[in-house]
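The residues making up each chain are set out below.
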Amino acid sequence: MNEQLDGEAPTAPADPTAPADPAPADLDDAPAEAPDPAYLVPLEELAPAISVVSKSRRAFLGFGLAVTGGLIGAAVLARFVPVFAEELDPASPIVPTYDPASKQWTFVVDTAACIGCGLCVVACKEENDVVEAPVCTRTWVERHTTTTDGTLYVDSPDGGIDGFPAESTAPGAAGKPVEASHFQPRLCMQCADSPCTSVCPVGATYHTEDGVILVDARRCIGCGYCIVACPYGARYIVPAEAGAESETTPGIADKCTWCYHRINQGQLPACVEICPVGARKFGDAADETSEIAQIVREQNPQQLHPEYGTNPRVLYLGPSIEEA
Amino acid sequence: MTASGHTLNLGGRTVPIGPRAAGAAVAREVRSMPFGLRLWIGGLLAVLAIASVAALLSLPPGWEVFGTSPSFEWGLMIVAYVFFAIMTSGLCLASSLGTVFGIERFRPFEKRHAILAVLSLSTAFLIIALDLHYPIRMVFGAVLVPSPTSPMWWMGVFYGGYLVVLLVEVWSMFSDHPRIHQWACTLAACIAILAPFTLGAVFGVLAAKPYWFGIFTPIQMVASAFLAGTALLGIVFYAVHRLRLADHERSASIALPSVRLLLAVGLVIVSALAIRQVVAGLTGTVPGHREATIALVSGPLALQFWGVRVIAGLVAPALLLLMPMTRNPAGTLAASILVLVGVFADRYGFVMAGQIFPTTTAAGTVSYPYASYEPTLVEISLFLGGLALLALVYTLAERYLDMGETDVHVGINWPWIRRHDAAKDPAHDHDVPAAGSPAPDITGTSPAPVDVAAIGLGAES
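Residues numbered from 1 in each chain as written. Chains lettered and ligands numbered in written order. Predicted model: local features only at pLDDT ≥ 70, side-chain atom pairs only at ≥ 80, totals over all residues.

Caption draft 1: Inspection of the sheet that holds strand E9 (residues 280-284) of chain A at higher detail. Residues and elements named next belong to chain A. Here we have four strands laid out as an open sheet, ordered E9-E1-E11-E10, and mixed in their pairing. Two strands close off the open sheet at either side, each with one partner strand: E9 and strand E10 (302-303). Where E10 lies against strand E11 (residues 314-317), two bridges are found, and the strand directions are antiparallel. Along E11, the bridge assignment pairs glutamine 302 with tyrosine 316. The strands touched by helix H10 (residues 291-299) within the sheet are strand E1 (105-110), E9 and E11, with E9 carrying the most contacts at an inclination of about 110 degrees. (Pairing = 2+ DSSP bridges. Helix = DSSP H or I, 4+ residues; strand = E, 2+ residues; numbered from the N terminus. Contact = placed C-beta atoms within 7 Å. Axes fitted to C-alpha atoms, helices over the stretch in contact; angles between N-to-C directions.)

Take a look at the structure:
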């Protein structure tokens, strides 16, 4: 096209339809002492064009303003629609006697203490009415086995719900001499900079004031975006059979809530309560005298994979941190 | 449109709406169709029938008919959505050269691209609605509670707006509203870039998936879009030329050579981006990036990557476009089909490679060494059903709508363009070719001669 433009423009200098901003080549070709008269148009001739131009510019600006107004209007309207379940909402997870703003919930996992018994997984499923299918679990236990050749194998048969056999079930690990091994309980990290909440297209997954991330079952559309966005693999879609087995809404995203319905009534999460060896610790770090505040102060627990940049609120002690 | 008794007056045609009369009219219409057309429509209806069963199976709560899992959450349905959505944008990108920039040789795309774009985007929406578990909530949730932090929300904004603009474009085209049409075309061309870019951002913002993460993902999405849309135009214009449909003279003389030109440009861009992607992946240091690329080039995805995407989708069409002996309508058709298959393989490989190497366990599931996903028959049927739906409705549009070129465009008064007033300047009248006049070039080896007066402005309003 440029070839044709360049070739044609000099031969049709009076053509007022030619672009007023010609290619540099055209300018170079034109003699310097005789500027092309096509580009010197009296102002009065341009007036109608300018008027049309300003009209279309006004129309364009009007359109832009309408779009912006629509967006602002929608944002204002959104203030009157509950973004998440609020106190007056019968489905609200927040109880009147509970002040979320005063809490600084912290969860610490001690991987040196965990024995991989799987009781936490069982307790979680029962407490939260999670379906039996092994691929749906809010918490699970992994076994990280390093063999003498330096290879790391990870296994988690059925999420560790029935404990672990003596030998790693990871492909290729059988028969290899083991150098080190530890159990790593996993759950939603309740990240402060959570990708799941920022990518949700309908605001169905949200932060509570005390920093827990919840899913509003009435808003979730089941697109799976939060699941692919979670670097810790903490989420799953509730399968269809959930409708028959439990009260959980099928087809929506689900994950650990730190048993929000328990902690806002002063109880511990089910997995913490049942752990026979105290590998899971939970509490309010804002309370300086609490055990969790003391652990955070004295033992310096660390985030798992801080490189993802999500600032997790679950902290780890023990070999998991050395491995990461 | 008026209704009286048992008939409906639709654009000057009387259509019976009583069940018996309508049935008889349909039967008459079918009998009047050539055998090839009946066979084609029958085949498409058969595919659609299978897809309808699949759609019923996948309605809530039938999600288990998809092969996805927490470790492989996005499967063929997402690929199909991406494919149809970017094809829509590509159609507008290719045609905008004629509709917006007024380049004469791309003018034949005007009407057909708009119909195809509406159908392609509708198919994309239909597929994503079947994939979502609560699609109605999506509509209300996205409108009532805007989530501007979510690329998916922006994607909904752009593609939703896109459908409205495309519908306006089609309506204004067939109802002769040239100014509205020009604005709609210009807006469509703008959104044609924004929409696939945002679709790319849906994947590109995910730090959890290193293969998808990064700025090149949206760029690749736009490049794939351009290629897919152009390839679809190639297939359609071959059919227009071969079956001597409306405006077929310009199909062989202008449209198909233009498709060849755009395909060549698109293939060069996409190949360069593909090379960059593989090199960046193999030398990547972010955990998971390199492993995902290895899975693509020498792992479980290697066959479809090298066989379908690279050889069939990039190398073969490039050769078909280069060799003089295949630089004809049939060669263009073959190249277009191959390119379209290649783009599909490209997007399929992209969605798969992003998830195939898990950097963590997913809800207690350890996937080693690769996460596995096999599309189910239901998913495959739904994708084929989407193609059949597009083809069927387009065939009907081609048969019952006036697809002949009308040159409804008038130029927008861009500040940098001075308008041509034919009445004041009769000396230049002969420069403006009559609407629909074929350009003399039929070989496609050189660009069709284009009049400067027609470039950038089109006909006078």
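Having seen the structure, we can now continue with the description.
Caption draft 2: Summary view of the nonpolar core. Residues and elements named next belong to chain B. Membership of the largest hydrophobic core comes to 192 residues, with the highest contact counts inside it found for Ala80, Tyr81, Ile127 and Leu232. The leading source of residues in this core is helix H3 (residues 76-99), at 17 residues. Those residues within four positions of tyrosine 81 in sequence are excluded, and the remaining contacts are Ala124, Ile127, Ile128 and Asp131. (Core = buried A, V, L, I, M, F, W, Y, C linked by C-beta atoms within 7 Å. Buried ≥ 20, exposed ≤ 12 C-beta atoms within 10 Å, placed from the backbone.)

Caption draft 3: Structural context of the packing of helix H4 (residues 110-131) of chain B against helix H13 (residues 377-400) of chain B. Residue and element names in this part refer to chain B. Contact pair H4 / H13: the axes reach a minimum separation of 10 Å and the direction vectors enclose 150 degrees. By the angle class used here, H4 and H13 are roughly antiparallel. As H4 packs across H13, the resulting crossing turns out to be right-handed. Counting all contacts with H4, which are made through Ile115, Leu116, Leu119, Ser120, Thr123, Leu126, Ile127 and Leu130, the residues of H13 involved are Leu382, Gly386, Leu389, Leu390, Val393, Tyr394 and Ala397. A per-class count over the contact of H4 with H13 returns 12 nonpolar, three polar and no charged. (Parallel < 35°, antiparallel > 145°, perpendicular 65-115°, else oblique. Left-handed = near helix turned anticlockwise from the far one by under 90°. Nonpolar A, V, L, I, M, F, W, Y, C, P; charged D, E, K, R; others polar.)

Caption draft 4: Molecular detail of helix H5 (residues 135-144) of chain B. Residues and elements named next belong to chain B. Every buried residue of H5 is listed here: Met138, Gly141 and Ala142. Take H5 and look down its axis: the buried residues cluster within an arc of 95 degrees, on one side only. Where the residues of H5 are buried, they touch helix H6 (151-174). (Arc of directions from axis to C-beta.)

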